[in-house]
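Structural overview
So the chains spell out like this:
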Amino acid sequence: QVQLVESGGGLVQAGGSLRLSCAASGRTFSDYAMGWFRQAPGKEREFVAAISRFGDRTAYADSVKGRFTISRDNTKNTVSLQMNSLKPEDTAVYYCAADLATTRAVITTRSLYDYWGQGTQVTVSS
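The following refers to the structure shown. These figures come from a predicted structure and were not determined experimentally.

**Details of the pattern of salt bridges**
- Throughout the structure, instances matching the rule amount to seven salt bridges.
- When the shortest N-O distance is used, the salt bridge between R53 and D31 registers 3.8 Å. Here the residue R53 occupies a position in the loop between β5 (46-51) and β6 (58-60), and D31 occupies one in the loop between β3 (18-26) and β4 (32-39), the gap between them amounting to 22 residues. Exposure class is identical for R53 and D31. Each is buried.
- One connected set of salt bridges, linked through shared partners, spans R38, E46, R67 and D90.

See below:
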């Protein structure tokens with residue numbers, strides 16, 4: 001089992017940047033593929049970015065490709081999401097998720113993730 005705690009959310013103007021972090025504790029961090037999802041008011045939780053167990057593969061939603069970068073540090077048990085050129089439509093609660101994986105694949109499907117953090121609010125003003 002793994003526990004996930006997100007941090008780094010806040011209020012930023014359009015065009016600005018934020019860096020989200022997710023700290024994991026529990027089982028060996030490199031056993032997990034990791035992902036970031038977000039949920040805006042009245043909308044379903046959607047995929048944002050994912051990274052494989054050892055960081056050699058990443059995937060992004062089309063809406064954030066070229067603006068967001070996911071990375072992980074298995075020595076520090078953290079996964080991060082660097083968000084640049086933020087837009088008002090990026091406003092949401094952002095969630096970190098972990099999938100106990102046996103392969104080196106990236107996981108983009110929400111239902112495949114086993115563990116979730118509590119979320120951190122990101123608000124982008126226009």
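**Remarks on the side chain of S52**
- Looking at the element boundaries, S52 is found in the loop between β5 and β6.
- Relative accessible area serves as the criterion here: at 0%, S52 is assigned to the buried category.
- Residues contacting S52, with those up to four places away along its chain left out, are A33, R57, R72, R104, A105 and V106.

**What to know about the state of the cysteines**
- Under the counting rule described, the total for this entry stands at one disulfide.
- Note on cysteine connectivity: C22 is disulfide-linked to C96, with sulfurs 2.1 Å apart. Disulfide C22 to C96: torsion about the S-S bond roughly -75°, handedness left-handed. Highlighted residues: C22 in strand β3 and C96 in strand β9 (residues 92-100), separated in sequence by 74 residues. Like C22, the residue C96 is buried in the burial classification.

**Looking at the pairing of strand β11 (residues 120-125)**
- Side chains T120, V122 and V124 of β11 all project onto a buried face; the interleaved residues Q121, T123 and S125 project onto a face where none is buried.
- Bridge count for strand β2 (residues 10-13) against β11 is four bridges, and the pairing is parallel. Bridge pairing links L11 to T123 in β11.
- Here β9 pairs with β11 via three bridges, running antiparallel. By the bridge assignment for β11, V93 is matched with Q121.

Basis of the calculations
- The numbers attached to residues start from 1 for each chain and follow its sequence in the written order.
- In keeping with the predicted nature of the model, local features appear solely for residues at pLDDT of at least 70, side-chain atom pairs appear and are counted solely at 80 or more, and the whole-chain, interface and lining totals rest on all residues.
- Calculated side-chain values reflect all of the structure's heavy atoms, with hydrogen atoms and water omitted.
- Note on definitions: salt bridges are taken to be side-chain nitrogens of Lys or Arg within 4 Å of carboxyl oxygens of Asp or Glu.
- Labels follow the DSSP assignment, with helices taken as runs of H or I lasting at least four residues and strands as runs of E lasting at least two, numbered in each case from the N terminus.
- Here the term buried applies to any residue with accessible area under 20% of the maximum for its type, exposed to any over 50%, and partly exposed to those in between, with areas from a 1.4 Å probe on protein chains only.
- Should any heavy atoms of two residues lie within 4.5 Å, those residues are counted as being in contact.
- Put simply, a disulfide is two cysteine sulfurs that come within 2.5 Å.
- Being paired, for any two strands, means DSSP has found at least two bridges between them.

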